[in-house]
Amino acid sequence: MAGKKELDRQKQLQEKFQCILNASLRDEDNKYCVDCDAKGPRWASWNIGIFLCIRCAGIHRNLGTHISKVKSVNLDSWLPDQVESMTQMGNSKARAVYEANLPDGFRRPQTDSSSLEIFIRQKYEQKKFIAKEWVPPARPTGRSLMIADEAEKKKTRSRPTPKVASEPQLKTLETKRQVNGNTDTGSLKMTSSAAIKEQVANSADLLGLGERRLRKLRKLRKLARLREFYGDFFQGRFLAAECSFAYVLSSLSVL
């Protein structure tokens, strides 16, 4: 689990470094190779802090890693100190330092590979054109990039996560919308009788009956129930009277 987290962290760091390098390549001076002016450099000498074309990158490799350390901008993995070195220097500043004493009217070699290699060796190996007052800065540690990365992580963690309604809450909200479009929770607490009345009213509306007609129907139903009840009651009384009369007659006949 820890290994997977570390891999994810490294992946995120590399993506961040790529964004920084690509942003540097969008600078006007970094759009061209620092040595031959070829357009669209995709290589770099990270210890010097310059962007190179593929041909000049090959010549820099021949200088040895004690002079120039070459990397691909988007094919190799980068470390924080290497990225910081690139952001500190760049092609514009590097030319001001390593080409400060170029002869007047000097024409930069572009097509002749041998002349280009001679120029690059004079420039970085022999330091023939370097500014006399140049003092190399301390080697970058990449600490500033890591501090910025940690600060960004803390800021992301401190952001409150939006609350998402749970499934029961969503169902409750849906029920609220269905009941007369009212969001009041009191409207959901309907008794069974109220629900029946509402159903009867809806049925009457569907049949095309008005409220007045509906009240009349209810009265007729009540009268029918009363007739049935009292009819059964009186019929029971008549039966009881007949039984009593028959009993009296039977008693007289015995006498």
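About the cut-offs
Residues numbered from 1 in each chain as written. Predicted model: local features only at pLDDT ≥ 70, side-chain atom pairs only at ≥ 80, totals over all residues. Heavy atoms only, no water. Helix = DSSP H or I, 4+ residues; strand = E, 2+ residues; numbered from the N terminus. 1 Å grid on protein atoms, 1.4 Å probe; cavity = no way out; pocket = protein on both sides within 12 Å on 5 of 7 lines; lining within 4 Å. Points joined across faces, edges and corners; volume = space filled by probe spheres on them. Nonpolar A, V, L, I, M, F, W, Y, C, P; charged D, E, K, R; others polar. Axes fitted to C-alpha atoms, helices over the stretch in contact; angles between N-to-C directions. Parallel < 35°, antiparallel > 145°, perpendicular 65-115°, else oblique. Left-handed = near helix turned anticlockwise from the far one by under 90°. Contact = heavy atoms within 4.5 Å. Buried < 20%, exposed > 50% of the residue type's maximum accessible area, 1.4 Å probe, protein only. Arc of directions from axis to C-beta. pLDDT = per-residue confidence, 0-100. Pairing = 2+ DSSP bridges. Salt bridge = Lys/Arg side-chain N within 4 Å of Asp/Glu carboxyl O. Expected span 1.5 Å × (residues − 1).

Trainee: Looking at this model, I keep getting lost on the overall build of the protein. Mind explaining?
Mentor: Scanning the protein for helices and strands turns up 9 helices and 3 strands. Mapped from its N terminus to its C terminus, the protein presents α and β elements in the order α-β-β-α-β-α-α-α-α-α-α-α.

Trainee: When you look at the layout of surface pockets in this model, what are you seeing that I'm missing?
Mentor: Empty space among the atoms becomes apparent when a probe as large as a water molecule is rolled across them. The calculated volume of the largest pocket comes to roughly 520 Å³. Every residue lining the largest pocket is counted, 21 residues in all, and those nearest its centre are Asn47, Ile48, Tyr98, Pro136 and Pro137. For the lining of the largest pocket, the elements supplying multiple residues, two or more each, are α3 (80–88) and α4 (90–98). Ranked by residue count, the leading element in the lining of the largest pocket is α3, at 3 residues. Within the lining of the largest pocket, the residues separate by chemical class into 12 nonpolar, 4 polar and 5 charged.

Trainee: Looking at this structure, I do not really get the packing of helix α2 (residues 54–63) against helix α5 (residues 113–125). What am I missing?
Mentor: Packed helix pairs are specified by the crossing angle of their axes together with the interaxial distance, meaning the distance between the axes. It is the contact of α2 with α5, at a shortest axis distance of 10 Å, that shows an interaxial angle of 50°. Accordingly, the angle class assigned to the pair α2 and α5 is oblique. Judged by the sense of rotation from one axis to the other, the crossing of α2 with α5 is right-handed. Contacts between α2 and α5 involve Arg55, Cys56, Ile59, His60, Asn62 and Leu63 from the former and Ser113, Leu116, Glu117, Ile120, Arg121 and Tyr124 from the latter. Broken down by class, the residue content of the contact of α2 with α5 amounts to 6 nonpolar, 3 polar and 3 charged.

Trainee: Before we go on, may I ask you to explain α4 in this structure?
Mentor: Along α4, the residues classified as buried are Gly90, Asn91, Ala94, Val97 and Tyr98. Take α4 and look down its axis: the buried residues cluster within an arc of 125°, on one side only. Buried residues in α4 make contact with β2 (50–52), α3 and α5.

Trainee: Any chance you could explain the confidence of the model for the protein here in plain terms?
Mentor: If pLDDT is low for a region, its predicted coordinates should not be looked at in detail. Looking at the protein, pLDDT values average 78 and 61% of them are 70 or higher. Here residues 183–191 scores under 50 on pLDDT; set against residues more than four positions off or in separate chains, the count is 8 contacts.

Trainee: What's the story with the sheet that holds strand β3 (residues 70–72) in this structure? I'm lost.
Mentor: Consider a sheet: its strands pair through backbone hydrogen bonds, and that pairing is either parallel or antiparallel. If you walk across this open sheet you meet the 3 strands as β2-β1-β3, and the pairing is antiparallel. Since the sheet does not close on itself, it has two edges, and those belong to β2 and β3, each with one partner. Between one strand axis and the next, the sheet turns through 35° on average, direction left out of account. For strand β1 (residues 43–45) and β2, the ladder comprises 3 bridges, and the chain directions are antiparallel. Opposite Trp43, over in β2, you have Leu52 as the bridge partner.

Trainee: I tried to follow the environment of Met89 on my own but got confused; where do I start?
Mentor: Relative to the helices and strands, Met89 resides in the loop between α3 and α4. Between the C-alpha atom of Met89 and that of Ile48, which follows or precedes it by 41 residues, the distance is 7.5 Å. With near-sequence residues (within four places) excluded, Met89 lies in contact with Ile48, Gly49, Ala94 and Trp134.

Trainee: Explain unusual backbone geometry to me, please; I cannot follow it from the model alone.
Mentor: If a residue is not glycine, its phi is most likely negative; likewise, a peptide bond is most likely trans. With a phi close to 70°, Asp37 is a non-glycine residue in the positive phi region. Residue placement: Asp37 occurs in the loop between α1 (2–25) and β1. The phi dihedral of Lys127 is positive, around 55°, even though this residue is not glycine. Following the sequence through the fold, Lys127 ends up in the loop between α5 and α6 (143–158).

Trainee: What exactly am I supposed to notice about the pattern of salt bridges here?
Mentor: Between side chains of opposite charge, pairing is possible as soon as their charged atoms come close. Summed over the entire model, instances satisfying the criterion amount to 10 salt bridges. A salt bridge links Lys123 to Glu99; the shortest N-O distance between them is 2.6 Å. Of this pair, Lys123 sits in helix α5 while Glu99 sits in the loop between α4 and α5; the two residues are 24 residues apart in sequence, bridging distant segments of the chain. Per residue, the accessibility class of Lys123 equals that of Glu99, and both read buried. One connected set of salt bridges, linked through shared partners, spans Asp35, Asp37, Arg95, Glu99, Arg108 and Lys123.

Trainee: Explain α5 here, please?
Mentor: Since the α-helix advances by 3.6 residues per turn, residues separated by three or four positions end up pointing in the same direction. Taking 1.5 Å per residue, 13 residues should reach 18 Å; α5 reaches 17 Å between its end C-alpha atoms and fits that length. Within the sequence span of α5, burial applies to Leu116, Phe119, Ile120, Gln122, Lys123 and Tyr124. Summarising the contacts, the buried residues of α5 are in contact with β2, α2 and α4. Lys127, located one to two residues past α5, shows a positive phi value of around 55°.

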